[in-house]
Amino acid sequence: MKRYTYLWLWQLITGVLIAVLLGIHMVMQHLDKILPFFGVDLGDPTSWNSMIERSGQAIWAGVYVALLAVLLYHGLNGLRNVILELTTSPQTERAVTWTIVVTGILIFLWASYVPIALLYR
Amino acid sequence: MKVIQPRPNQLGIIGWFYAGNYKLERYLYILHRVTGLGILLFLVFHLTATTFFRIQGEEVWNAAMGFLSNPLFKAGEYLVAAAFAIHMLNGFRLILQELGFLMAKPVPPIYPFSDSLRKKRRWTMAFIGVIVLLCVIFFYDFIIGGW
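Here is what the cut-offs are and how they apply
Residues numbered from 1 in each chain as written. Chains lettered and ligands numbered in written order. Predicted model: local features only at pLDDT ≥ 70, side-chain atom pairs only at ≥ 80, totals over all residues. Helix = DSSP H or I, 4+ residues; strand = E, 2+ residues; numbered from the N terminus. Rg over C-alpha atoms; globule rule 2.2 N^0.38 Å. Buried ≥ 20, exposed ≤ 12 C-beta atoms within 10 Å, placed from the backbone. Contact = placed C-beta atoms within 7 Å. Core = buried A, V, L, I, M, F, W, Y, C linked by C-beta atoms within 7 Å. Axes fitted to C-alpha atoms, helices over the stretch in contact; angles between N-to-C directions. Parallel < 35°, antiparallel > 145°, perpendicular 65-115°, else oblique. Left-handed = near helix turned anticlockwise from the far one by under 90°. Nonpolar A, V, L, I, M, F, W, Y, C, P; charged D, E, K, R; others polar.

Looking at the overall build of chain A
Along chain A, the regular secondary structure elements total four helices and zero strands. Tracing chain A from N to C terminus, the helices and strands come up as α-α-α-α. For chain A, the C-alpha radius of gyration of 18 Å lies well beyond 14 Å, the compact-globule estimate for 121 residues. For chain A, the spread of C-alpha atoms along the three principal axes comes to 55 × 35 × 20 Å. Across the 121 residues in chain A, those meeting the buried criterion constitute 12%. Relative to all contacts within chain A whose residues are 6 or more apart in sequence, the contacts with residues 24 or more apart total 68%.

Regarding the interface of chain A and chain B
On the side of chain B, 28 residues touch chain A, which itself brings 22 residues to the contact. If you list the elements that add at least two residues to the side of chain A that touches chain B, you get α1 (2-30), α3 (58-84) and α4 (90-119) of chain A. For the side of chain A that touches chain B, the element with the most residues is α1(A), which contributes six residues.

Observations concerning the nonpolar core
Residues and elements named next belong to chain B. By size, the foremost hydrophobic cluster in this structure holds twelve residues: Ile39, Val80, Ala81, Ala82, Ala83, Phe84, Ala85, Ile86, Met88, Leu89, Ile131 and Phe138. Going through the elements one at a time, α3 (71-98) and α4 (121-144) are the ones with two or more residues in this core. Sorting elements by how many residues they give to this core places α3 first, with nine residues. Setting aside its immediate chain neighbours within four residues, Leu89 contacts Phe127, Val130 and Ile131.

Describing the packing of α3(B) against α4(B)
All names here are of chain B. For the pair α3 and α4, the least separation of the axes is 9 Å and the interaxial angle reads 155°. Classified by the angle their axes make, α3 and α4 are roughly antiparallel. Of the two elements, α3 crosses α4, and the hand of that crossing is right-handed. Across the interface between the two elements, Lys74, Tyr78, Ala81, Ala82, Ala85, Ile86, Leu89, Asn90 and Arg93 of α3 pack against Thr124, Phe127, Val130, Ile131, Leu134, Cys135, Phe138, Phe139 and Phe142 of α4. Looking at the contact of α3 with α4, its residues break down into 14 nonpolar, two polar and two charged.

Shape descriptors only; they carry no functional weight alone.
Printed below as a string of structure tokens:
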């Protein structure tokens, strides 16, 4: 029972981290027409030049990989909680848990490759 | 001796949506779950776009961005932004209440019954107000950005 309490505690901690990291991401990507009112002009954040300039900086690669890691934990743990409401069987629970752990690791390896590869391009 | 089997204390998939006699916070719970799963689904598409198309160079990237500037995708993008605002601020409220803030003192279950959330519901309403404000700000940005 104890380890589930820790899963929930990490759900709260990653939630706060996501609010900060994804907050940066959303303000930059989706409030880019409003930011000039506050004297910050990023241009078009989805253009190739803007994107590739950010990709060359280690700090952005770090932010993206960290955001990916906390998002995957938070999202997949939440999904696991939703699915496990449907069953009380320990076998099903183990199967669901391991499927989700493996899925999370695979997505992390796949998606963290690109920001790291683009650093060295 | 007759063994009484306890009724399984779960509603199955109906329990995901059925709120029964519960109040506002229970509907926020459903909204929290729907937005969370929606964002997780979006993440899969988003990661596909930002890995396969990004690594292949400028032309593929521009073609992908051109394809995604379709008004339908823009509307979907706005829904994700709104879902983010809802999930983040409701999650913030959940964390505060998990830690015991923004709640009244618990009282014994004696008639007339009262729950400790109801007395501080104005805080929940304040959070909903901030959510609406953020959704309007995102909407304004999408509108002046040109669909």
